[in-house]
Amino acid sequence: MSRPRVLLGMSGGVDSSVAAALLVRQGYDVHGVTLQVWEHEDDTVAASKKWQERGCCKIGIAKFVAQKLKIPYEVIDQRRTFRHNVIDDFLQGYLAGTTPNPCVRCNERVKLRGLIDLAAERGIPYVATGHYVCVRHEPGGPTLHRAVDPKKDQSYFLYRLSAAWLPQLRFPVGTMHKSEVWQEAEALGLPADELKESQEICFVSHGDYRTFIEKEAPDAKRPGAFVDESGQHLGNHDGIAFYTPGQRRGLGIAAGQRLYVQQVQPATNTVVLGPKDSLLRSTCDVADLNRLDSGLGHSPAEVQVKVRYATPATPATLHPLDATTVRIHFHTPQRALSPGQSAVFYRDDRVLGGGIIQPFAPASC
């Protein structure tokens with residue numbers, strides 16, 4: 001009896017490496033692939049570096065794991081696709097005064113989509129990654145859920161997956177706690193003392209995002225005015241691309257109170273500053289919906305909402321505005337909502353879908 005074939009995305013990180021071992025153990029015919037989205041490793045340089053210091057995708061570790069598990073492995077260059085769908089989107093968002101999330105776009109447009117398309121070309125029925133998320137196969141069809149380990153759950157970054165992909169997706173580490181994954185990694189011979197998890201955007205790992213924007217889009221430096229909530233001039237800024245809601249540091253404004261970025265207004269090239277209490281908002285509009293639950297956004301609904309990865313979901317009521325837009329009424333006001341970021345909707349641990357937070361009308365500030 002032939003083993004079921006699965007195409008596994010291997011970044012060279014701990015989680016995808018352990019996913020490979022688990023899938024082999026579960027009886028899958030595993031085919032490993034790294035979708036190279038950023039810089040290639042230079043073997044002559046990388047040989048002197050610890051593994052965690054080498055690029056975005058750690059090809060050396062992925063090769064090591066594939067050889068140990070005796071599975072086929074290859075690297076496919078996706079840099080052009082990544083540049084167009086993620087980096088350009090990132091730059092355009094900041095230049096327009098929004099705060100995009102490149103990891104969400106990468107999973108939607110490059111990594112998961114790339115694996116799905118490649119599997120279809122090769123007639124491989126299943127696709128797997130090392131993400132912390134679960135797919136449950138229920139009578140009404142497969143559904144996406146949070147990972148078992150709440151501290152590692154990555155469902156916020158995967159809400160834009162197509163519902164049509166769910167039947168073929170496998171997430172082996174989604175049912176595990178991180179401590180269990182580390183044990184598996186050590187059994188594989190991975191050097192735990194050298195491996196660490198990246199908390200940065202892969203393409204800006206050697207500096208902050210403002211430096212990256214300035215290098216890639218020099219026209220981002222377009223000075224304008226800092227104003228208070230009444231419109232009074234407070235000083236000058238370097239360009240709207242360098243400021244996000246909730247930001248306090250780097251403003252260079254002397255005032256009698258701490259000021260925070262309240263809103264970025266691209267039409268007038270101004271940045272509105274105000275006190276911390278003014279960062280709270282009770283509503284926002286969310287468009288560009290991706291529905292994992294077909295009923296999402298068609299009628300009022302009580303849900304839990306995550307407006308950023310690092311904050312817990314909060315209760316809210318959704319009200320549809322049109323076919324692709326809903327208005328969120330938070331039960332408790334939320335701090336520093338950022339246009340361009342994602343709002344992801346949950347019911348218990350099930351991911352219903354989500355969308356992109358829209359800019360606020362200037363009059364609302």
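Bear in mind the structure is a predicted one, so any value in this text is a computation, not a measurement.

Focus on the packing of aromatic side chains
- A complete count under the given rule lists seven aromatic pairs for this structure.
- Between Tyr 28 and Tyr 126, the ring centres sit 6.1 Å apart and the planes meet at 85°, which makes this aromatic pair edge-to-face. Residue Tyr 28 is located in the loop between α1 (14–25) and β2 (29–36), and its partner Tyr 126 is located in strand β4 (residues 126–128); the two are separated by 98 residues in the primary sequence.
- Of the residues examined, Tyr 28 reaches a relative accessible area of 12% and is grouped as buried.
- Ring centres 5.7 Å apart and planes at 85° place the aromatic pair Tyr 156 and Phe 157 in the edge-to-face group.
- Taking the relative accessible area as the measure of exposure, Tyr 156 reaches 1% and is therefore buried.
- An aromatic cluster of at least three residues, connected via ring pairs, comprises Phe 90, Tyr 94, Tyr 209 and Phe 212.
- Residue placement shows Arg 146 over the ring face of Tyr 346; its charged tip is 4.0 Å from the ring centre.
- The ring of Phe 360 has Arg 281 sitting right over it, with the charged end atom 3.7 Å from the ring centre.

Brief notes about the sheet that holds strand β3 (residues 73–77)
- If you walk across this open sheet you meet the five strands as β3-β2-β1-β4-β7, and the pairing is parallel. The open sheet is flanked by β3 and β7 (169–170), the only strands paired with a single partner.
- Note: strand β1 (residues 5–9) against β4, three bridges, orientation parallel. Paired with Val 6 across the two strands is Tyr 126, which belongs to β4.
- Of the strands in this sheet, β2 and β3 touch helix α3 (residues 59–69), which is tilted by about 150° from β3.

Description of the pairing of strand β10 (residues 260–265)
- Among the six residues in β10, six count as buried, and that is most of the element.
- Relative to strand β11 (residues 270–274), β10 runs antiparallel, the two sharing five bridges. Bridged to Gln 263 within β11 is Val 272.
- The antiparallel pairing of β10 with β11 creates a hairpin that spans four residues between the two strands, and Asn 269 there sits at a positive phi of about 55°.

Structural notes on the pattern of salt bridges
- Using the criterion set out here, one finds 17 salt bridges in the structure.
- In this structure, Arg 3 engages Asp 29 in a salt bridge whose closest nitrogen and oxygen atoms are separated by 3.8 Å. Placement of Arg 3 in the segment before β1 and of Asp 29 in strand β2 is noted, with a sequence separation of 26 residues between them.
- The partner of Asp 89 in a salt bridge is Arg 109, with the nearest N and O atoms 3.6 Å apart. Taken as a pair, Asp 89 in helix α4 (residues 79–95) and Arg 109 in helix α5 (residues 102–122) lie far apart in primary sequence, 20 residues in all.

Points about a positive patch on the surface
- Taken together, Arg 248, Arg 249, Arg 258, Lys 276 and Arg 335 make up a surface patch of like positive charges.
- Of the residues examined, Arg 258 reaches a relative accessible area of 57% and is grouped as exposed.

Considerations on the sheet that holds strand β8 (residues 224–227)
- Read across the sheet, four strands follow the order β9-β8-β11-β10 without closing on themselves; strand pairing throughout is mixed. Two strands bound the open sheet, and with one partner strand each, they are β9 (233–237) and β10. Adjacent strand axes in the sheet meet at a mean angle of 30° when their direction is disregarded.
- Here four bridges tie β8 to β9, and the two strands are oriented antiparallel to one another. Among the inter-strand pairings, Gly 224 is bridged to a residue of β9, identified as His 237.

A closer look at the nonpolar core
- Judged by nonpolar contacts, the single largest core of 29 residues is most densely connected at Leu 7, Val 33, Leu 144, Leu 161, Leu 169, Phe 171 and Val 351.
- Breaking this core down by element, the ones donating at least two residues are β2, α5, β5 (133–138), α6 (155–158), β16 (342–347) and β17 (350–357).
- With six residues, the single largest contributor to this core is α5.
- Once residues within four sequence positions are removed from consideration, Val 351 is found in contact with Leu 144, His 145, Arg 146, Ser 155, Tyr 159, Leu 292, Val 344, Phe 345 and Tyr 346.
- By size, the runner-up hydrophobic cluster in this structure holds 27 residues, among which are Met 10, Val 65, Leu 69 and Leu 190.

Examining helix α7 (residues 178–188)
- Residues Lys 178, Val 181, Glu 184, Ala 185 and Leu 188 constitute the buried set of α7. Each buried residue of α7 sits inside an arc of 115° when the element is viewed along its axis, so together they form one side. For α7, the exposed residues set more than 90 degrees away from the buried face come down to Gln 183 and Ala 187.
- Those residues of α7 hidden inside the fold are in contact with α1 and α3.
- Gly 189 lies just past α7 and shows a positive phi near 90°.

Overview of unusual backbone geometry
- With phi around 55°, Asn 269 is a residue other than glycine that occupies positive phi space.
- Tracing the chain through its elements places Asn 269 in the loop between β10 and β11.
- Positioned with a positive phi, Asp 348 is a non-glycine residue whose angle comes to about 60°.
- Tracing the chain through its elements places Asp 348 in the loop between β16 and β17.

Rules of the game
Residues numbered from 1 in each chain as written. Predicted model: local features only at pLDDT ≥ 70, side-chain atom pairs only at ≥ 80, totals over all residues. Heavy atoms only, no water. Phe/Tyr/Trp six-rings, centres within 6.5 Å; stacked < 30°, edge-to-face > 60°. Helix = DSSP H or I, 4+ residues; strand = E, 2+ residues; numbered from the N terminus. Buried < 20%, exposed > 50% of the residue type's maximum accessible area, 1.4 Å probe, protein only. Lys NZ or Arg CZ within 6 Å of the ring centre and 35° of its normal. Pairing = 2+ DSSP bridges. Contact = heavy atoms within 4.5 Å. Axes fitted to C-alpha atoms, helices over the stretch in contact; angles between N-to-C directions. Salt bridge = Lys/Arg side-chain N within 4 Å of Asp/Glu carboxyl O. Patch = residues over 30% accessible without salt bridge, like charges linked within 9 Å, V, L, I, M, F, W, Y side chains within 5 Å. Areas by Shrake-Rupley, 256 points an atom, 1.4 Å probe, with all protein chains shown as cover. Lys, Arg positive; Asp, Glu negative; His and termini not counted. Charge placed at Lys NZ, Arg CZ, Asp CG, Glu CD. Core = buried A, V, L, I, M, F, W, Y, C linked by side-chain atoms within 4.5 Å. Arc of directions from axis to C-beta.

No statement about biological role is implied by the geometric values presented.
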